[in-house]
Amino acid sequence: MNYTLTKNERLKRGDFRGTQWTKCSETKHFSLLIHKNRYEFKRIAVTIRKQVGDAVVRNRVRRLIKESYRLHKDLFVEGYDNLIKVKRVPHKIFLKEIEDELGNLLRTRKIHTSTRQ
RNA sequence: AGGGGUAGAUGGGUGGUCGCAGGUGUAAGCCUGAGGAAAGUCCGGGCAUCAAAGGGCGGAAUGGUUCUUAACGGGAACCGGGGGUAACCCCAGGGAAAGUGCCACAGAAAAUAUACCGCCUCGCUUCUUGCGGGGUAAGGGUGAAAAGGUGAGGUAAGAGCUCACCAGCGCACGGGCGACCGGGCGGCUUGGUAAACCCCAUUCGAUGCAAGGCCAAAGUGGGUGCCGCCGAGAGGCGGUAUGGAUGGCCCGUCCAAAACCCGGGUAGGCCGCACAAGAUCCAGGGCAACCUGAAUCACCAGAGGAAUGAUCACUGUCCCGCUUCCGGCGGGAUACAGAACCCGGCUUACAGCCUACCCCUUUUU
């Protein structure tokens, strides 16, 4: 188990073109969309709309989500692209809160991935 | 001591652990990694492409003067006007006798002046008085603004009708590079609005790094005007001057026409891309903005659905409470905000703390 997040694990511009995303689950602030990729490993991307907050808040939320992914990689499934959409900004932007909500997001997801495989 | 004005600085620190991006290195590792505003995208430039980026019309911007600068709508000094006891601050600050338009409500009248009340006078009538004609902008009332202001003379009552001073206009003189200032003379006078159209002067080609250049999977070939005649067709001969580009339009200019010519270009990658109007410091010039010269520094952010993060410990600053001999303990606060080609400005946001100079008031001497 490694706690890294390299460039290959991030989605690039071409990965968004014509991709059919499947919405798996959703919490108060986030929603999770996944898509089977053609690699052996998992990848992640975070999207936040400009209307959600200013650049400082958006940066902080994205970094904390990436940090949570890095520390809990085992919760994600291999061979899938994960797109986390931030619908609105939580009141408390701390690592603990983001980790907890992301845990909830992934726990409610399980059914969908099993049916796809 | 209190209140105020101007200019500026700072934008928490140290260490550990887990990570990210770039550079370097065979590797281990080492080095570097957001801001004063990175923001708003409001101006100006560099750079790049567009057919030479040419002329005219249109359009846009600017608007006291002189400087400064790569350039500016920025900055400096000065002039004029306004505000403040003062330090100081604010001003799109050219033209209203080139023309057109507008000036709500109120008011008699809002621009070739006008007569509602009042004042004076004449006629008729008459007990008081009333009616009609004429003169009058001194007074009343309205308004943001009422046809120069104040005073004296003058008059039937009045009026730049006359005179003095003031304001404004014109003329020459003196001073200043200039905006303008000063005193003098003249005739006595022409409302405001140009961030209404407009006029004048000056400036501006367009588009922005998603500019643009190079390589290039996949997929796929493309172009060669029109008319007439001949010919089965391929094609040939002759004629016509058209088609396309110029990004608001026109002129002008350029490109293409018979046998072959050539690829263009998506995904993706590389470059553009950080040595630049560079930073620090010194000397000289200038009231200042700024300029000139010398020295030193250099891997010093370079991402791309977008790195610069997370967490722990100690600690700095400020506030509150408790305790109190220095002091200690507990709690809280620590802003605005995130590079996206790069610079020079402007504007806006900003917790706390600090510095310099200046002004006013009070007290003491």
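Below you will find a few notes about this structure. Note that the structure is a prediction, hence the values are computed from the model and not measured.

Quick look at the overall build of chain A
If you tally the helices and strands in chain A, you get three helices and four strands. Beginning at the N terminus, the succession of helices and strands in chain A can be written as β-β-β-α-β-α-α. Long-range pairs, those at least 24 residues apart, make up 83% of the contacts in chain A between residues at least 6 apart in sequence.

Side note on the protein's contact with RNA strand B
By nearness alone, 23 residues border RNA strand B, and L5, K7, R60, R63 and R70 come closest of all. Of all RNA strand B atoms lying within 4 Å of any protein atom, the proportion belonging to sugar or phosphate reaches 67%. Within the backbone of L11, a nitrogen or oxygen atom sits 3.4 Å from a sugar or linking oxygen of RNA strand B. Contacts to RNA strand B include R60, whose side-chain N or O atom sits 2.3 Å from a phosphate oxygen. The biggest single contributor to the surface near RNA strand B is helix α1 (residues 55–71), with 10 residues. For the surface near RNA strand B, a count of residues per class yields eight nonpolar, five polar and 10 charged.

Comments concerning the nonpolar core
Membership of the largest hydrophobic core comes to 20 residues, with the highest contact counts inside it found for F30, L32, V61, I65, I84 and V86. Looking at this core, the elements with two or more residues in it are β2 (30–36), β3 (43–48), α1, β4 (80–86) and α2 (95–107).

A few points about the pairing of strand β1 (residues 22–26)
Sheet analysis places β1 next to β2, joined by four bridges and oriented antiparallel. Its bridge partner lying in β2, T22 is registered against I34. Taking the residues that link successive antiparallel strands as the turn, the β1-β2 hairpin has three residues.

Looking at the packing of aromatic side chains
Throughout the structure, instances matching the rule amount to one aromatic pair. Judged by centre distance (4.9 Å) and plane angle (65 degrees), the rings of Y69 and F76 are edge-to-face. Here the guanidinium or amino end of K36 rests over the ring plane of Y80, the centre of that ring lying 5.3 Å away.

Quick notes on the rules
Residues numbered from 1 in each chain as written. Chains lettered and ligands numbered in written order. Predicted model: local features only at pLDDT ≥ 70, side-chain atom pairs only at ≥ 80, totals over all residues. Heavy atoms only, no water. Helix = DSSP H or I, 4+ residues; strand = E, 2+ residues; numbered from the N terminus. Contact = heavy atoms within 4.5 Å. Near = heavy atom within 4 Å. Polar contact = N/O pair within 3.5 Å; in protein donor to acceptor, adjacent residues only side chain to side chain. Nonpolar A, V, L, I, M, F, W, Y, C, P; charged D, E, K, R; others polar. Core = buried A, V, L, I, M, F, W, Y, C linked by side-chain atoms within 4.5 Å. Buried < 20%, exposed > 50% of the residue type's maximum accessible area, 1.4 Å probe, protein only. Pairing = 2+ DSSP bridges. Phe/Tyr/Trp six-rings, centres within 6.5 Å; stacked < 30°, edge-to-face > 60°. Lys NZ or Arg CZ within 6 Å of the ring centre and 35° of its normal.

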